Amino acid sequence: MPSSFYTAVVTVLSVISLLQSVVSPAQAAEIPTLLPETIITVDGQLDERAWQDARRININFITLPTDQGVSDIATEARVFDDGEILYIGFIAPDPQPELIRAFYRNRDNIWNDDVVGVKIDPYNNKQLAYQFFANPLGSQADSIENAQTGHESASWDGFWHAAGQLTDNGYLVEMAIPFAVMNFPPQPGLKTWALEFVRFMPRDQRLRLSSARISHANKCWVCQMPAYQGFAKAKSSTNVIIAPSVVAGRSEQREVHQQQNWQGENNVELSLDGKWAVTPDITLNATLNPDFSQVEADAQQLSVNNPFTLFYAESRPFFTENADYFATPYNLVHTRNISAPNIGAKVTGRTGAHTFGFFAADDDSTTLVLPGNLGSDIAVLENASHNLAARYSFAYNNSISVGAIATWRDAADYSNSLTGLDANIRLTAKDTLSLQWLFSETSNSQQLALHGEALQRYGDEQPLTGQAYRLNYQHSERTWRWFGRYDARSKGFRADLGFMPETDWNKFTTGGEYIWYLADDSLFNRVRITGDWDTTHNAAGEFIESETEGYAGIFGPLGSYLELGAYQRERVGQRLDNNSLAISGNTERFNEQGGSVLAEVAPAAGMVFFAFWQHGSALDLTNNRLSDQNRVELEGRYSFSRHLELSLRHNLTTMDYLSARVFTANLTDMRLTYQFSNRSALRLVLLYTDLQRELQNYQPQWQSTLDARSRQLNKQLLYSYKVNPQTVFFVGYSDGSLQDDELSRITPSERSAFLKFSYAWQL
């Protein structure tokens, strides 16, 4: 690279740094290192002598629903470390202790309860923060917050402990967080970390109290965490964790249309996961013959009248470990694309201003999302694939970071490679600029079974190359914000290891938000108005869609929120000639418009209800005509006791053309959980979908190819016991049934029973 270019880049970064607001940091408070006279027992008591000598920190600044004011509730955190473990005790008094919300919960499912916790930025560079929270009964939640992308990786699970207990005037929570669970610079002596201590109180309003003043004008809350000094003996672990596991089960299937008998097999698999802290800030993860099955049932989604691939979050431990190291503004590493790997390795680290990650995994097959601009498809190659991802970022200072990423997949005659650069610049505390540029090259396989848009895009065997870029600017004030974003993806762009289902697609979006904070004694506390406008074209400049939408919402008593919305959208329909990718002259234009109502309320402890209704005109993608559509989403959670909870979600979508019903789609997701303790639970899951079509109201070409009724019912009964994220025991049973026009009733088609046991040794 020419030295003149390097000099120019450094000069630009330096100028930006000088233009940024400079605030002299306050003297960092000290966290003591103590050697307790007795072993600290994490029981929620805070009765050991060391708690009297701990640093005492007030949690009294109101940060939600407003950023103004100081609470008169004397919440206190007591903090110290012993050189290996950070201990935090929370004393949370409550003037009405009978209103405290506390239930035994599965990990990361505590956010409807009272909660206390801490956010830790051990590099003090405003890039990310570890988050550790617990409710009054010690149920835990943890995540990693990425300040650059604004996302939280809740699927990350650390090895730490918490316990809590209710008292006559509030509750206590005790936490023990080993330094080994976090990465931080291996510097000797005193260290300076940023920390924020937090308390959530869900009552008429969801109150968030903090140890720090947080300004809503600055959307980067990690940037506003105050510094604390101490941790002189803290060392990130260089230990090795070995976690062998065994999975045993029996699965059976049958072809129900041919009335076949059950065909099944027994299966026993051994696997091994390992983790080695090579240095205090570099970690190696490896896995052999891993069990990457989904123990947790995915939340169901309705795919009817949706042209693009549905997104499902990752929950498998090997991939979620340090997943934030691969994060960019675009989702370029979506590991759900890797369905059944047999071996994998990952190296992640952070040294000084440098952060890096690399992973490789071999998959028994190859799952692809084939992107388009009017829809996307899923394709599967039976060939085994190799999958690689590498990510590097450099924090020039606390406000400027730049990064690079590369991904690669190949299987037989197929390959996809991607490289890219990105930057995140906090011009001021209120202004943020994010940029990203990508280049990809793809060789398509002759084995792909293609149709429709995918056939025209990827039926040619010639290699494809393409580019994508993204510009995003946001300005925030305390009561309002504005943003503008432009996304562009050329005709040949593909990110096959990520989740980017659109290509040959350019979109400009601008919008904003305004919030009125009402008087403290008002029945309602906030009014919010949001809206945006966007327009989308293909790479040739042909129109795809233009949309305007706006919403007005009000926050009220009992944790309630009511929102009214309206939208107007002009869009093109399906291609009239599928042998051409042209849009102009090959599609019709349709004008959609409608309105919506959203309401949610949490009237008491253990009760949360949500309802959404939308009505308006919408494009019927199957018949390529404008129709009337109704969407209803209902969701509720009710805790019968501290141990038993029912969660129920139901979605209904109907479409009518000229007042005649076209289809009715129902989805029901019911989950009944008995939480014996914070470690063990028994859960019953029922997932039901029902799609009914009135075929006489479809275009003639569809009347003989579609089913008038399609139903699916999936059930799962699962017992789980978790000592830590890698020492677990599962035993369960699941089955699936279906019905279509050839079956007179819903008929079982698959069933399985399984158990899994894994144990983590720390060497």
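Going by the structure above, here's the rest.
So, here's what we can say about the structure. (Residues numbered from 1 in each chain as written. Predicted model: local features only at pLDDT ≥ 70, side-chain atom pairs only at ≥ 80, totals over all residues. Heavy atoms only, no water.)

## Observations concerning the environment of L137
So, step 1. Within the secondary structure, L137 sits in the loop between strand 6 (128-134) and strand 7 (140-146).
So, step 2. Judged by its relative accessible area of 13%, L137 falls in the buried class.
So, step 3. When the C-alpha positions of L137 and H615 are compared, they lie 42 Å apart, and in sequence the two are 478 residues distant.
So, step 4. Dropping the residues within four chain positions of it, L137 is found in contact with A102, F103, Y104, G164, L166, R642 and N678. (Helix = DSSP H or I, 4+ residues; strand = E, 2+ residues; numbered from the N terminus. Buried < 20%, exposed > 50% of the residue type's maximum accessible area, 1.4 Å probe, protein only. Contact = heavy atoms within 4.5 Å.)

## Observations regarding the packing of aromatic side chains
So, step 1. In total, this model carries 24 aromatic pairs according to the counting rule given.
So, step 2. Between Y473 and W482 the ring centres are 5.8 Å apart and the planes differ by 55°, which places this aromatic pair in the tilted class.
So, step 3. Looking at W482, the relative accessible area reads 37%, which means it is partly exposed.
So, step 4. Considering the side-chain rings of F555 and Y561, the 4.5 Å spacing of their centres and the 40° angle between planes classify their relative orientation as tilted. Summarising the burial analysis for this pair, F555 and Y561 share the class buried.
So, step 5. Ring pairing ties together the aromatic residues F179, F184, W193 and F231, which thus form one cluster.
So, step 6. Lying over the aromatic face of Y123, R350 brings its terminal NZ or CZ to 5.0 Å of the ring centre.
So, step 7. We note R625 situated over the ring of Y657; from NZ or CZ to the ring centre the distance is 4.0 Å. (Phe/Tyr/Trp six-rings, centres within 6.5 Å; stacked < 30°, edge-to-face > 60°. Lys NZ or Arg CZ within 6 Å of the ring centre and 35° of its normal.)

## Side note on the pairing of strand 14 (residues 240-253)
Successive side chains on a regular strand alternate, one facing one side of the sheet and the next facing the other.
So, step 1. Note: strand 14 against strand 15 (residues 263-279), 14 bridges, orientation antiparallel. Within strand 15, the residue paired with A243 across the bridge is D273.
So, step 2. Bridging between strand 14 and strand 40 (residues 761-762) involves two bridges; their strand directions are antiparallel. Residue pairing for strand 40: I242 is matched across the bridge by W761.
So, step 3. Taken together, the nine bridges between strand 14 and strand 39 (residues 747-758) define a ladder with antiparallel strand orientation. Of the residues in strand 39, the one forming a bridge with S251 is S752. (Pairing = 2+ DSSP bridges.)

## Observations concerning the state of the cysteines
So, step 1. Enumeration according to the criterion identifies one disulfide in this entry.
So, step 2. The disulfide partner of C220 is C223, and the gap between their sulfur atoms is 2.0 Å. Torsion about the S-S bond of the C220 and C223 cystine: about 80°, corresponding to right-handed handedness. You'll find C220 and C223 in the same group, each marked buried. (Disulfide = S-S within 2.5 Å.)

## A few points about unusual backbone geometry
So, step 1. Here the bond from L64 into P65 is cis, since omega is 10°, no more than 30 degrees from zero.
So, step 2. Structurally, P65 can be placed in the loop between strand 2 (55-64) and strand 3 (70-81).
So, step 3. Of note, F231 is a non-glycine position whose phi angle comes to about 55°, a positive value.
So, step 4. Within the secondary structure, F231 is located in the loop between strand 13 (227-230) and strand 14.
So, step 5. Residue classification places F231 among the buried residues on the basis of a relative accessible area of 0%.
So, step 6. One non-glycine residue, D504, lies in the positive phi region at around 50°.
So, step 7. Relative to the elements of secondary structure, D504 occurs in the loop between strand 26 (480-489) and strand 27 (505-517).

## Side note on the nonpolar core
So, step 1. Counting residues in hydrophobic clusters, the biggest one holds 42 residues, and the most contacted among them are I88, F90, F132, I177, M182 and F197.
So, step 2. Counting only elements with at least two residues in this core, the list comes to strand 1 (29-31), strand 2, strand 3, strand 4 (85-93), strand 5 (115-121), strand 6, strand 10 (170-178) and strand 11 (191-202).
So, step 3. What I88 contacts, discounting residues up to four positions off in sequence, is W51, A77, R78, V79, V118, V173, E174, M175, I177 and F197.
So, step 4. Counting residues in hydrophobic clusters, the runner-up holds 19 residues, among them F319, Y325, A495 and M500. (Core = buried A, V, L, I, M, F, W, Y, C linked by side-chain atoms within 4.5 Å.)

## A closer look at the pairing of strand 26
So, step 1. Pairing of strand 25 (residues 464-476) with strand 26 involves nine bridges; the strand directions are antiparallel. Of the residues in strand 26, the one forming a bridge with L471 is Y486.
So, step 2. Counted between consecutive antiparallel strands, the loop separating strand 25 from strand 26 contains three residues.
So, step 3. Alignment of strand 26 against strand 27, held across 10 bridges, turns out to be antiparallel. Bridge pairing links W480 to Y514 in strand 27.

## Examining the side chain of N624
So, step 1. The residue N624 is located in the loop between strand 32 (607-620) and strand 33 (625-639) in this model.
So, step 2. Overall, N624 belongs to the buried group, its relative accessible area being 16%.
So, step 3. Ignoring any residue separated from it by four or fewer positions in sequence, one finds N624 in contact with G573, Q574, L576, E588, F590 and L619.

## Quick word on the pattern of salt bridges
So, step 1. Per the stated rule, a full pass over the model turns up 37 salt bridges.
So, step 2. Between R478 and D67 there is a salt bridge, and its shortest N-O distance comes to 2.5 Å. Residue R478 is located in the loop between strand 25 and strand 26, and its partner D67 is located in the loop between strand 2 and strand 3; the two are separated by 411 residues in the primary sequence.
So, step 3. With a relative accessible area of 12%, D67 lands in the buried category.
So, step 4. Note that R199 and D94 form a salt bridge whose closest N and O atoms lie 3.8 Å from each other. Taken together, the residues R199 in strand 11 and D94 in the loop between strand 4 and strand 5 connect sequence positions 105 residues apart.
So, step 5. R199 sits in the buried class, given a relative accessible area of 0%.
So, step 6. Owing to a relative accessible area of 6%, D94 belongs among the buried residues under this scheme. (Salt bridge = Lys/Arg side-chain N within 4 Å of Asp/Glu carboxyl O.)

## Structural notes on the side chain of R575
So, step 1. With respect to the helices and strands, R575 occurs in the loop between strand 30 (560-572) and strand 31 (589-604).
So, step 2. Of the polar contacts made by the side chain of R575, one reaches the side chain of N373; its length is 2.9 Å.
So, step 3. Separated by 3.1 Å, the side chains of R575 and E453 make a polar contact.
So, step 4. Every residue in contact with R575, bar those within four places of it in the chain, is listed here: N373, L374, E453, R457, S580, L581, A582, I583, N586 and T587. (Polar contact = N/O pair within 3.5 Å; in protein donor to acceptor, adjacent residues only side chain to side chain.)

## Quick word on the environment of L564
So, step 1. Among the secondary structure elements, L564 is positioned in strand 30.
So, step 2. C-alpha separation for the pair L564 and Y551, spaced 13 residues apart in sequence, amounts to 5.6 Å.
So, step 3. Ignoring any residue separated from it by four or fewer positions in sequence, one finds L564 in contact with G550, Y551, A552, S596 and V597.

## Some words on a nonpolar patch on the surface
So, step 1. A cluster of nonpolar residues, W480, W482, Y514, W516, L518, L523, F524 and I529, forms a patch on the protein surface that exposes about 750 Å² of accessible area.
So, step 2. For the nonpolar patch, the secondary structure elements donating two or more residues are strand 26 and strand 27.
So, step 3. Mapped onto the elements of the fold, L523 is located in the loop between strand 27 and strand 28 (526-537). (Patch = residues over 30% accessible without salt bridge, like charges linked within 9 Å, V, L, I, M, F, W, Y side chains within 5 Å. Areas by Shrake-Rupley, 256 points an atom, 1.4 Å probe, with all protein chains shown as cover.)

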